[in-house]
Amino acid sequence: MLAAAALGRDGRPVRVAVNGADQAPAPVLAVSLAGPGTARNLSDTPVWAGVSVTGIPATPAPAGRGGMRITRKFLDLAGQPLNLDSLKQNTVFVLLLEGRAETREAHRAIVQQGLPAGWEIIGRLAAGEVAGMPWLGTLTETEATPALDDRLAAAIELTPEAPDFRLAVRLRAVTAGRFELPGAQVEDMYRPQVFARQNTGRVAVLPAD
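Before going into details, it helps to say that this report is about the structure given with it. The structure displayed is predicted, hence computed values, not measured ones.

## A look at the pairing of strand 8 (residues 107-114)
Burial analysis of strand 8 places seven of its eight residues in the buried class, which makes it a mostly covered element. As paired strands, strand 8 and strand 12 (residues 151-158) are joined by eight bridges and run antiparallel to one another. Looking across to strand 12, one finds that R108 is bridged to E157. One ladder, built from four bridges, connects strand 8 with strand 15 (residues 185-188); its direction is antiparallel.

This is the structure in structure tokens:
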């Protein structure tokens, strides 16, 4: 608020031309663009500018990483690898996400795994060892785990002393069909250039017998 008051203390309106068209003078000017644009300051004082971008990506973001790693496994309730192309309705299974920060720095990170439309979350597994599932190992304590129905999301603290994480959730296949499986991703919430992201894929859910 103090910064806004300092910047606007002279009360002078902004005078700007956008794509060659003069805009009406105003203390604050907002213009929507559907494509590339140019803005020209028509006054003799500096103009502060900000750009926000919204929309739906035309294609999924490709796999990539910068300072972090992430892997995932889909396992049956005995801890054996699951064939996602032969998954049947009502099958209950486990998603295990593992990753690591390789920067030797502290990170407040967000881990996410979007769900195909034919899957649902039926149980988030708490930190520590899970009774009856020793093959999961020791799961990481989270700072927050939102109760979302379209993805697994968790905020975690990664430090130079504890750079690894291990998260798991119990899932069920509910709808027959073929669906897009988003890639798992992890990123520093305040430095998004530190991240890891997988490619998207396709999975099938077969009708129950």
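## A few points about the side chain of D188
Positionally, D188 belongs in strand 15. Of note is the side chain of D188, whose polar atom sits 2.9 Å from the backbone nitrogen of R191. Beyond its immediate sequence surroundings of up to four residues, D188 is in contact with M68, A106, H107, R108, A109 and V194.

## Some details on the pattern of salt bridges
In the structure shown here, the tally under the stated rule is 10 salt bridges. Between R166 and E98 there is a salt bridge, and its shortest N-O distance comes to 2.1 Å. Of this pair, R166 sits in strand 13 (residues 164-173) while E98 sits in strand 7 (residues 92-101), and the two are 68 residues apart along the sequence. Here the two residues R166 and E98 agree in accessibility, since each one is buried. The shortest N-O distance in the salt bridge between R191 and D188 comes to 3.5 Å. Bridged by salt links that share partners, the residues R65, R69 and E102 form one connected network.

## Side note on the environment of E102
Here E102 lies in the loop between strand 7 and strand 8. Judged by its relative accessible area of 35%, E102 falls in the partly exposed class. In this structure, the C-alpha to C-alpha distance between E102 and V194, residues 92 residues apart in sequence, is 9.5 Å. Setting aside residues up to four positions removed in sequence, E102 forms contacts with R65, G67, M68 and R69. In this structure the side chain of E102 is engaged in a polar contact, spanning 2.9 Å, whose partner is the side chain of R65.

Basis of the calculations
- Residues numbered from 1 in each chain as written.
- Predicted model: local features only at pLDDT ≥ 70, side-chain atom pairs only at ≥ 80, totals over all residues.
- Heavy atoms only, no water.
- Buried < 20%, exposed > 50% of the residue type's maximum accessible area, 1.4 Å probe, protein only.
- Helix = DSSP H or I, 4+ residues; strand = E, 2+ residues; numbered from the N terminus.
- Pairing = 2+ DSSP bridges.
- Polar contact = N/O pair within 3.5 Å; in protein donor to acceptor, adjacent residues only side chain to side chain.
- Contact = heavy atoms within 4.5 Å.
- Salt bridge = Lys/Arg side-chain N within 4 Å of Asp/Glu carboxyl O.

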